[in-house]
Amino acid sequence: MALRSDWSRRNCSMARGLDILGDPWTILVLREVFFGNGRFDAMKARLEVADSVLTRRLAGLVDSGLLIKKAYDDGGRTRSEYVLTEKGEDALPVLNAVTLWSEKHLPAPTEQAHMFVIHRGCGQRTSSADTCTACGQRLTAATTSWHSQTRTTSPVELATAAAGTGAAA
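Cut-offs and rules
Residues numbered from 1 in each chain as written. Predicted model: local features only at pLDDT ≥ 70, side-chain atom pairs only at ≥ 80, totals over all residues. Heavy atoms only, no water. Core = buried A, V, L, I, M, F, W, Y, C linked by side-chain atoms within 4.5 Å. Buried < 20%, exposed > 50% of the residue type's maximum accessible area, 1.4 Å probe, protein only. Helix = DSSP H or I, 4+ residues; strand = E, 2+ residues; numbered from the N terminus. Contact = heavy atoms within 4.5 Å. Pairing = 2+ DSSP bridges. Axes fitted to C-alpha atoms, helices over the stretch in contact; angles between N-to-C directions. Parallel < 35°, antiparallel > 145°, perpendicular 65-115°, else oblique. Left-handed = near helix turned anticlockwise from the far one by under 90°. Nonpolar A, V, L, I, M, F, W, Y, C, P; charged D, E, K, R; others polar.

Student: Teacher, can you tell me more about the nonpolar core here?
Tutor: Generally speaking, a soluble globular protein has its nonpolar side chains buried in company with each other. Ranked by internal contacts, the top residues of the largest apolar core, which has 30 residues, are Leu-30, Phe-34, Leu-67 and Trp-146. Elements with a minimum of two residues in this core: α2 (24–34), α3 (40–47), α4 (51–63), β2 (78–84), α6 (92–105) and β3 (115–119). For this core, the element with the most residues is α2, which contributes five residues. Not counting the four nearest positions on each side in its chain, Phe-34 is found in contact with Leu-84, Gly-88, Glu-89, Leu-92, Leu-95, Ala-141, Trp-146, Glu-157, Leu-158 and Ala-159.

Structure, rendered in structure tokens:
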């Protein structure tokens, strides 16, 4: 039984987008893939999420065309790693916007609990989800880093779409 209504055919663009991106676990899974953390066990450990929840979100993101599964060899055993498609990479401004809004309006529980969006081209933090506020250049996964102070002392270059995944239809 579905936990909510299907909004995929609504007349409202925002409702259709929320049908895919409106679940917090979905956004957090995408965050992990942008951080380059696309293997199930690594995501599960980082997110502290149940197998069933992660499995459903990954399947939904694959079905929606935001992620694809790529096989990798894990010491004689073939497993799957999840990577962004171009459609998935195009969700970056949504994740940036959530991060920027949170940094602006919600108190962090600790000094380390901050995440910043950084334009790699000029090296500056930005307060816009899609354009660098320092130099005016467009932000893409290839030109953006995230600095999650709970993860690392340095900004992390974001993962980009797997080659040949095509543009969103």
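Following the structure, the description resumes.
Student: What exactly am I supposed to notice about the sheet that holds β3 here?
Tutor: Either a parallel or an antiparallel arrangement is found when strands of a sheet pair, and the pairing is made through backbone hydrogen bonds. Taken together, the four strands give an open sheet; going across it, the order is β4-β3-β5-β6, and neighbouring strands pair in antiparallel fashion. Since the sheet does not close on itself, it has two edges, and those belong to β4 (124–125) and β6 (156–157), each with one partner. As paired strands, strand β5 (residues 144–148) and β6 are joined by two bridges and run antiparallel to one another. Its bridge partner lying in β6, Trp-146 is registered against Val-156. On top of the sheet, α6 reaches β3 and β5; it is set at about 130 degrees to β3, its chief contact.

Student: Help me understand the packing of α2 against α3, please; the structure alone is not making it clear to me.
Tutor: For any two helices packed against each other, one specifies the inter-axial angle together with the distance between the axes. It is at 10 Å that the axes of α2 and α3 come closest, and there the two elements cross at 120 degrees. In terms of orientation, α2 lies oblique with respect to α3. Here α2 and α3 pass one another in a crossing that is right-handed. Residues Trp-25, Leu-28, Val-29, Arg-31, Glu-32 and Val-33 of α2 touch α3, and the partners they reach there are Met-43, Arg-46 and Leu-47. Taken together, the residues of the contact of α2 with α3 sort by class into six nonpolar, no polar and three charged.

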